[in-house]
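If you want the building blocks of each chain, they are given just below.
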Protein chains: 2
Amino acid sequence: MRVLAVDLGGTHATCAAVEGGRILASETVSLPESLPLAEALEGIAAPLGKLHACSSAEGIGFGFCGLVDPNRARITSTNGKYTDAVDVDLTQWAREEFGLPLRLENDARLALLGEWYAGAARGETDVVMFTLGTGIGGVAMMDGRLLRGKHQQAGVLGGHTPVTLTGRRCTCGGVGCAESEAAGWSLPLVAEAWPGFSTSALASGKIDFENVFACAAQGDEIARQILDHCLKVWGAAAVAAIHAFDPDLLVYGGGVMKSAAVILPYLQEYVRQNAWTPWGTVRIAAAQLGNDAALIGATPLFEQELPVVR
Amino acid sequence: MRVLAVDLGGTHATCAAVEGGRILASETVSLPESLPLAEALEGIAAPLGKLHACSSAEGIGFGFCGLVDPNRARITSTNGKYTDAVDVDLTQWAREEFGLPLRLENDARLALLGEWYAGAARGETDVVMFTLGTGIGGVAMMDGRLLRGKHQQAGVLGGHTPVTLTGRRCTCGGVGCAESEAAGWSLPLVAEAWPGFSTSALASGKIDFENVFACAAQGDEIARQILDHCLKVWGAAAVAAIHAFDPDLLVYGGGVMKSAAVILPYLQEYVRQNAWTPWGTVRIAAAQLGNDAALIGATPLFEQELPVVR
């Protein structure tokens with residue numbers, strides 16, 4: 001079946017027409033920060049309408065960067081972004097603008113669904129996918145289905161696993177989450193508070209993962225320590241997910257995976273040493289679909305049994 | 001239905017005849033440490049046979065203190081105890097000794113099943129139970145069924161959630177697990193390594209939770225710090241479980257719950273502040289069945305759909 005897909009992040013939205021694991025056409029729109037969701041929807045109506053006109057799609061699969069209730073197709077919590085979102089009726093919007101049914105999922109869940117349908121997790125039934133980027137996504141599939149839970153928020157908060165007792169306060173309200181210890185937004189806070197930071201090359205450059213990996217590779221001791229901290233955080237989150245969901249495979253995506261050559265072998269060894277899995281060893285693999293994963297996930301989202309809200 | 005129940009721990013086994021949430025008769029046997037499982041089974045054959053003779057039971061529900069595969073009724077990992085256990089065929093033992101079918105579960109899972117059937121989690125569908133004792137059990141039920149997973153070890157390792165990056169090595173192979181930071185066996189190690197330990201009243205007494213709670217209540221600063229550490233560990237494990245399994249309720253059992261009056265209000269407030277649950281607040285409750293929970297869980301273990309291995 002052919003569907004329209006929307007992947008709405010904090011600073012941009014990508015619209016696409018997708019079918020059978022392929023993107024037929026797509027368009028990305030930049031969005032100003034702090035935009036209300038209602039206005040973001042106005043911004044994507046035109047490109048989505050154009051894709052609709054050319055594709056005869058049967059529905060819209062919508063990925064959102066926050067907690068959602070897929071059964072009601074409502075956003076339940078936004079962690080600071082799109083503060084009007086819980087009041088927006090996306091189903092009504094899709095029907096009135098395009099005459100189409102809509103299904104809503106968390107963007108990280110949708111990316112896992114895409115990797116499962118046509119990427120690194122093809123043929124798997126029990127997978128956790130971590131997305132290492134500005135934030136950290138951590139999403140679980142068990143027995144071939146996304147884990148959703150009583151309030152639709154099971155297995156979707158892997159980035160908010162607490163990994164250290166003495167960590168910083170996270171945007172989610174928690175303390176020492178993986179995301180507040182080793183994600184794009186928290187990295188500058190972690191680095192600037194690191195003992196000896198002013199002696200590091202990081203102090204005179206941009207504090208992002210690209211630079212931390214580069215400085216560490218050049219022998220910068222502070223960058224090496226910070227990188228080691230981040231790797232341990234990702235390793236602890238991996239073990240927590242393995243102990244919770246019992247998967248065969250962990251898939252890693254997100255912008256930080258430009259350094260996959262360092263990250264993946266580290267995590268494979270960390271998991272081998274630290275996870276209690278007498279049946280064998282959980283495999284670690286890179287995501288294959290990049291930014292397309294959530295878009296491609298729109299097709300299996302429609303094919304799964306979840307009731308469509310019309 | 002009437003069943004025989006066995007709850008096999010590291011140092012003792014309790015055998016019982018149970019029916020409908022009640023214990024009809026029971027007997028506890030002490031077991032020497034480092035006993036092979038084969039010999040432990042010999043030790044419980046007599047009391048179990050006596051219960052069988054008086055009860056006309058339809059099967060044996062067996063709770064074991066390690067990882068198990070309930071589908072095959074085999075023990076898969078023992079974390080140092082009963083090292084012969086993975087080679088023991090409990091199904092054969094039950095058939096030859098008593099002519100009865102047997103079902104096997106992890107003891108912490110069985111305790112949650114008991115609390116769900118006749119205790120603190122009655123009427124609930126989404127519950128996590130933590131057992132704070134010599135070790136820490138942490139077990140999940142979702143949608144009214146025990147979470148088991150691909151290799152039968154999902155939702156059963158809550159005590160082995162990594163909660164600190166700088167923690168000690170756990171018996172499970174991990175680092176900084178909840179259990180290696182705040183359980184009966186690890187408490188002396190944590191306390192003796194605490195800065196200023198020698199100035200504490202703990203240094204001249206027994207290092208157990210009873211004494212830590214008592215000394216902290218009397219104003220001993222080091223005991224207060226250690227207690228605060230343990231409470232934070234339990235709080236972090238609670239948040240990790242909530243973010244993973246999305247429950248309505250956390251149930252706490254185990255010997256450490258003698259200090260429930262301190263622990264439960266702390267955890268309720270910790271969860272209120274740190275868990276990301278826009279739908280409401282996860283409730284915290286004390287277990288109601290004490291050491292009987294796993295025994296009483298033998299009845300619903302037989303009533304659930306799991307295939308019986310004969």
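Just so it is clear, the model here is predicted, and its values are computed rather than measured.

(A) The arrangement of the overall build of chain A in detail. Helices and strands together make up the secondary structure of chain A, namely 10 helices and 12 strands. Whereas a compact globule of 310 residues would reach a radius of gyration of roughly 19 Å, chain A reaches 19 Å, a difference of no more than 12%. Projected onto the principal axes, the alpha-carbon positions of chain A cover approximately 60 × 45 × 35 Å. Per-residue burial for chain A yields a buried fraction of 60% across its 310 residues. Intrachain contacts of chain A at a sequence separation of at least 6 include 62% that bridge at least 24 residues.

(B) Local environment of the pattern of salt bridges. All names here are of chain B. For the coordinates displayed, the defined rule picks out 26 salt bridges over all chains. Here D69 makes a salt bridge to R72, at a shortest N to O gap of 3.0 Å. Notably, a salt bridge pairs E105 with R148, separated by 2.7 Å at the nearest N-O pair. Here R148 lies in the loop between β10 (145-146) and α4 (178-182) and E105 lies in strand β7 (residues 102-106), a separation of 43 residues in the sequence. Across this residue pair, the class does not change: E105 and R148 are buried.

(C) Summary view of the confidence of the model for chain A. Confidence in the prediction for chain A averages 94 pLDDT; 98% of positions are at 70 or higher. At the level of chain-chain contacts, confidence expressed as ipTM amounts to 0.94, with global pTM at 0.95.

(D) Structural view of the interface of chain A and chain B. Between chain A and chain B, the contact holds 45 residues from the first and 45 residues from the second. Roughly 3800 Å² of surface becomes buried between chain A and chain B when both sides are summed, with 60% attributable to carbon and sulfur atoms. Seen at the junction of chain A and chain B, the total is 2 salt bridges. Between K150(B) and D248(A) there is a salt bridge; the shortest N-O distance is 2.4 Å. Counting across the chain A and chain B interface gives 28 residue pairs in polar contact (both at pLDDT 80 or more). Ranked by the residues each element gives to the side of chain A that touches chain B, the list is headed by helix α7 (residues 221-245) of chain A, at 9 residues. Each residue belonging to the side of chain A that touches chain B can be placed in one class, and the counts come to 20 nonpolar, 18 polar and 7 charged.

(E) Broad picture of the packing of α7(A) against helix α8 (residues 260-274) of chain A. Residues and elements named next belong to chain A. Their axes nearest at 9 Å, the elements α7 and α8 cross at an angle of 50 degrees. The angle between α7 and α8 places the two elements in the oblique class. Crossing handedness for the pair α7 and α8: right-handed. Facing D228, L231, K232, W234, G235, A236, A238, V239, I242 and H243 of α7, the residues of α8 in contact are I263, Y266, L267, Y270, V271 and N274. Residue composition of the contact of α7 with α8, grouped by class: 11 nonpolar, 3 polar and 2 charged.

(F) Spotlight on the sheet that holds strand β7 (residues 102-106) of chain A. Residue and element names in this part refer to chain A. Spatial ordering of the open sheet is given by β3-β2-β1-β4-β7, a layout of 5 strands whose pairing is mixed. Looking along the sheet, the strands with just one partner apiece sit at the ends: β3 (22-30) and β7. Here the average twist between neighbouring strands, direction ignored, is 20 degrees. Judged from the 5 bridges that link them, strand β4 (residues 60-64) and β7 form a sheet pairing that is parallel. Directly across from G61, in β7, lies its bridge partner R103. Against the sheet, helix α1 (residues 37-55) makes contact with β1 (2-8), β2 (12-19), β3 and β4, and its axis sits at roughly 155 degrees relative to β1, the strand it touches most.

(G) Spatial organisation of the environment of V128(B). All names here are of chain B. Locating V128 in the fold gives a position in strand β8 (residues 127-132). Separated by 54 residues in sequence, V128 and R74 place their C-alpha atoms 24 Å apart. Beyond its immediate sequence surroundings of up to four residues, V128 is in contact with V139, A140, A241, F245, P247, L249, L250 and V251.

(H) Just the environment of G43(A), in detail. All names here are of chain A. Among the structural elements, G43 can be located in helix α1. Accessibility expressed as a relative area gives 33% for G43, which makes it partly exposed. For the pair G43 and S30, spaced 13 residues apart in the sequence, the C-alpha separation amounts to 8.9 Å.

(I) Layout of the relation of the copies chain A and chain B. Take chain A, turn it by 180 degrees, move it 0.0 Å along the axis, and it overlays chain B with an RMSD of 0.0 Å. Such a combination of rotation and displacement between the chain copies is what one expects of a two-fold axis. Closest to the rotation axis within chain A is the C-alpha of T164(A), separated from it by 2.0 Å. When the interface residues of chain A are mapped onto chain B, 100% of them again fall at the interface, so both copies present the same face.

(J) Helix α7 (residues 221-245) of chain B, seen in detail. All names here are of chain B. With 25 residues, α7 should reach 36 Å at 1.5 Å per residue; the first-to-last C-alpha distance of 36 Å fits that figure. Most of α7 sits out of view: 20 of its 25 residues are buried. Where α7 begins, the capping side chain belongs to D220, and its oxygen is found 3.1 Å from the backbone nitrogen of I222. D246 sits one or two positions beyond α7 and adopts a positive phi of about 60 degrees.

(K) Region of the structure containing the sheet that holds strand β11 (residues 249-253) of chain B. Residue and element names in this part refer to chain B. Sheet architecture is open: 5 strands sit in the order β10-β9-β8-β11-β12, paired in mixed fashion. Because the sheet does not close on itself, it has two edges, and the strands there are β10 and β12 (283-286). The sheet contact formed by strand β9 (residues 136-142) and β10 spans 2 bridges and is antiparallel. Within β10, the position partnered with M142 by the bridge is R145. Strands β8, β9 and β10 of the sheet are contacted by helix α3 (residues 107-118), whose axis makes an angle of about 55 degrees with β9. Lying over the sheet, helix α8 (residues 260-274) contacts β11 and β12, oriented at roughly 165 degrees with respect to β12.

(L) Looking closely at the side chain of S186(A). All names here are of chain A. Within the fold, S186 resides in the loop between α4 (178-182) and α5 (187-192). The exposure class assigned to S186 is buried, which follows from its relative accessible area of 0%. Filtering out sequence-adjacent residues up to four positions away, S186 remains in contact with E179, S180 and E181.

(M) Structural view of the state of the cysteines. Residues and elements named next belong to chain A. What the rule picks out here adds up to 0 disulfides over all chains. Sulfur of C54: no disulfide; nearest cysteine sulfur belongs to C15 and is 13 Å away. Looking at C54, the relative accessible area reads 67%, which means it is exposed. Free cysteine C215: the closest other cysteine sulfur is in C230, separated by 13 Å.

Criteria and cut-off values
- Counting restarts for each chain, with residues numbered from 1 along the sequence as it is written.
- Chain letters start at A and ligand numbers start at 1, both assigned in the order the entries are written.
- Since the coordinates come from a predicted model, pLDDT governs what is reported: local features require at least 70, and pairs of side-chain atoms require 80 or more to be given and counted, while whole-chain, interface and lining totals use all residues.
- Computation of side-chain values: all heavy atoms of the structure, hydrogens and water removed.
- Elements are defined by DSSP. Helices are runs of H or I of four residues or more, strands are runs of E of two residues or more, and each kind is numbered from the N terminus.
- Our radius of gyration looks at C-alpha atoms and nothing else; its globule reference is 2.2 Å times the residue count to the power 0.38.
- Accessible area is worked out with a 1.4 Å probe on protein chains only. A residue is then buried under 20% of its type maximum, exposed over 50%, and partly exposed in between.
- Contacts are assigned to residue pairs that have any heavy atoms within 4.5 Å of one another.
- A side-chain nitrogen of Lys or Arg and a carboxyl oxygen of Asp or Glu constitute a salt bridge if their distance falls within 4 Å.
- A residue's pLDDT is the confidence the predictor assigns to it, expressed on a 0 to 100 scale.
- Accessible area that two parts lose when put together, with a 1.4 Å probe and added across both, is what the buried area reports.
- Polar contact is defined as a pair of N or O atoms within 3.5 Å, subject to the rule that within protein one atom must be able to donate a hydrogen and the other to accept it, and that residues adjacent in sequence are counted only when both atoms are side-chain atoms.
- Under this grouping Gly is polar, as are all residues other than the nonpolar Ala, Val, Leu, Ile, Met, Phe, Trp, Tyr, Cys and Pro and the charged Asp, Glu, Lys and Arg.
- Think of each axis as a best-fit line through the C-alpha atoms, taken over the contacting stretch in the case of a helix, with angles from 0 to 180 degrees between the N-to-C directions.
- Convention used here: angles under 35 degrees read as roughly parallel, angles over 145 as roughly antiparallel, angles from 65 to 115 as roughly perpendicular, and any remaining angle as oblique.
- Helix crossings fall into two classes, left-handed where the near helix is turned counterclockwise from the far one by less than a right angle and right-handed where it is turned clockwise.
- If DSSP finds at least two bridges between two strands, the strands pair.
- Superposition of the copies used a least-squares fit over C-alpha atoms from residues whose pLDDT is at least 70 in both.
- Here a helix's expected span is defined as the number of its residues, less one, multiplied by 1.5 Å.
- Criterion for a disulfide: a pair of cysteine sulfur atoms at a distance within 2.5 Å.

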